[in-house]
Amino acid sequence: MTNRRDFLRLSAIGLPLIAAGRAFGQKMPASRYTMPVVVSTWDSGIRANAAAWNVLKAKGRAIDAVEQAARSAEDEKSCCVGLEAFPDRDGYVTLDASIMDDKANCGSVAFIEHIKNPISVARKLMESGKHVFLAGDGALQFAVENGFKRMPNQLSDDAEKAWHEWLKKSEYKPVVNIENTKPKAGNGPSAPMTFDDGRFNHDTMGTIALDADGNLSGACTTSGMAFKTHGRVGDSPIIGAGLFVDNKVGAATSSGVGEEVIRICGTHTVIEMMRFGHTPEAACKEAIRRIVDRDPKAAKDIQVGFVAISKKGVVGAYAIQKGFTYSVTNEHVNKTLPSKSWFN
Ligand code: SD4
């Protein structure tokens with residue numbers, strides 16, 4: 001509790017600062033959004049945000065909102081997340097997902113097959129309270145034991161076509177910003193992807209939200225990099241790499257080449273920078289700097305993007321390459337914004 005002496009001391013320090021701020025015409029920064037607010041990676045994040053917004057506008061919890069956002073991406077045919085996604089090099093669709101709430105409860109599943117909504121398996125694991133991370137057959141077993149339906153191992157027509165085409169050269173080469181490649185004209189935003197569109201890679205849906213009570217949560221779901229080695233796990237299910245939440249500071253998520261994000265504990269780095277005073281954008285930039293500094297030549301050909309939100313609703317992002325976008329939705333806005341980038 002603040003006693004009288006503390007009050008006088010804080011007043012003596014604080015009032016002149018507030019007065020100075022007013023004198024210089026300081027306003028709320030443009031990147032600060034009133035809560036509740038939800039932020040997702042990429043253009044397709046606007047559709048995930050719509051699912052989250054249904055929860056947030058009814059004063060629901062951030063953890064429920066981010067789960068709904070991830071589920072909506074997993075359910076979408078056009079979004080390269082979930083069972084419709086491109087497979088690994090051996091023709092298996094293997095999924096990664098993570099979720100984290102305002103009390104540092106978290107759950108992750110990696111390299112899981114046959115499950116339509118891995119994010120909800122991650123949530124179930126989080127709530128079971130026993131473990132935080134399950135992988136492969138064990139994750140599938142946990143899902144089935146908890147009532148999730150085991151789906152058949154069947155590639156979508158588009159994924160099958162793309163995989164057979166890829167097999168002709170069998171060259172693993174992630175394409176920068178392929179996540180935002182538009183479908184062919186006339187196909188519409190929810191048309192299934194086709195190989196002719198040049199899509200070799202996958203959207204990752206990372207979502208972070210601040211609810212009406214001021215609590216933060218995040219979720220991240222992906223099929224990983226298309227045509228990856230069987231068994232490969234990226235950053236998305238790793239707490240501190242593809243997703244991190246600290247309810248006193250902020251929340252962050254990432255998309256792009258997961259190996260680079262794992263090396264620097266990407267989203268944990270972002271949140272630690274914010275803890276010590278960086279804005280979300282400056283913190284994301286610092287994480288990107290670490291990736292670029294490690295191998296500036298290699299960085300020219302890869303994409304990684306971070307997006308973060310502070311406890312006060314300030315949102316910022318930074319990427320290696322131009323073209324990374326993030327979508328923001330609250331009572332006043334529903335828009336997709338370009339991220340700043342290291343290379344232009
Ligand atoms: C991964 N970070 O598995 C993910 C891929 C991704 O948009 O973000 N694609 O490495």
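If you're wondering where the values come from, they're calculated on a predicted model, not measured in any experiment.

With respect to the overall build of the protein chain
- Check the secondary structure of the protein chain and you find 10 helices and 13 strands.
- Among the 344 residues that make up the protein chain, the fraction classed as buried is 55%.
- For the protein chain, long-range pairs separated by at least 24 residues make up 66% of all intrachain contacts whose partners lie at least 6 apart in sequence.

What to know about the packing of aromatic side chains
- Under the counting rule described, the total for this entry stands at three aromatic pairs.
- Residues W42 and F324 carry aromatic rings whose centres are separated by 5.0 Å and whose planes lie at 90° to one another, so their mutual orientation is edge-to-face. In this pair, W42 sits in the loop between β1 (37-41) and α2 (45-56) while F324 sits in the loop between β10 (315-319) and β11 (325-330), placing the two residues 282 residues apart along the sequence.
- You can call W42 buried: its relative accessible area is 0%.
- Seen from their ring centres, F86 and F227 are 5.7 Å apart, and the 25° between their planes marks the pair as stacked. Note that F86 is positioned in the loop between α3 (62-75) and β2 (95-100) and F227 in the loop between β6 (216-222) and β7 (243-246), a separation of 141 residues in sequence.
- For F86, a relative accessible area of 1% corresponds to the buried category.
- An aromatic cluster of at least three residues, connected via ring pairs, comprises F86, W166 and F227.

Notes on the pattern of salt bridges
- Tallying each qualifying case throughout the model produces 16 salt bridges.
- A salt bridge links K103 to D102; the shortest N-O distance between them is 3.3 Å.
- On the basis of relative accessible area, D102 is assigned to the buried category, the value being 15%.
- We note a salt bridge from E165 to K168, for which the minimum N-O separation is 3.1 Å.
- With relative accessibility at 64%, the residue K168 sits in the exposed group.
- Linked by salt bridges that have partners in common, D64, E67, R123 and E127 make up one network.

Reading the values: rules and limits
Note that residues are indexed from 1 along each chain, following the sequence as it is written. Residues qualify for local features only when their pLDDT is at least 70, as the model is predicted, and side-chain atom pairs are given and counted only at 80 or more; totals for whole chains, interfaces and linings, by contrast, use all residues. Hydrogen atoms and water are omitted, and side-chain values are computed over all heavy atoms in the structure. Under the DSSP-based scheme used, a helix requires at least four consecutive residues in state H or I and a strand at least two consecutive residues in state E, with every element numbered from the N terminus. Partly exposed describes any residue whose relative accessible area lies between the buried limit of under 20% and the exposed limit of over 50%, with all areas from a 1.4 Å probe on protein chains only and scaled to the type maximum. Contacts are assigned to residue pairs with any non-hydrogen atoms lying within 4.5 Å of each other. Each aromatic pair joins two rings of Phe, Tyr and Trp (for Trp, the six-membered one) with centres within 6.5 Å, and gets the label stacked for planes under 30 degrees apart, edge-to-face for over 60, and tilted for any other angle. Counted as salt bridges are all cases of a side-chain nitrogen of Lys or Arg within 4 Å of a carboxyl oxygen of Asp or Glu.

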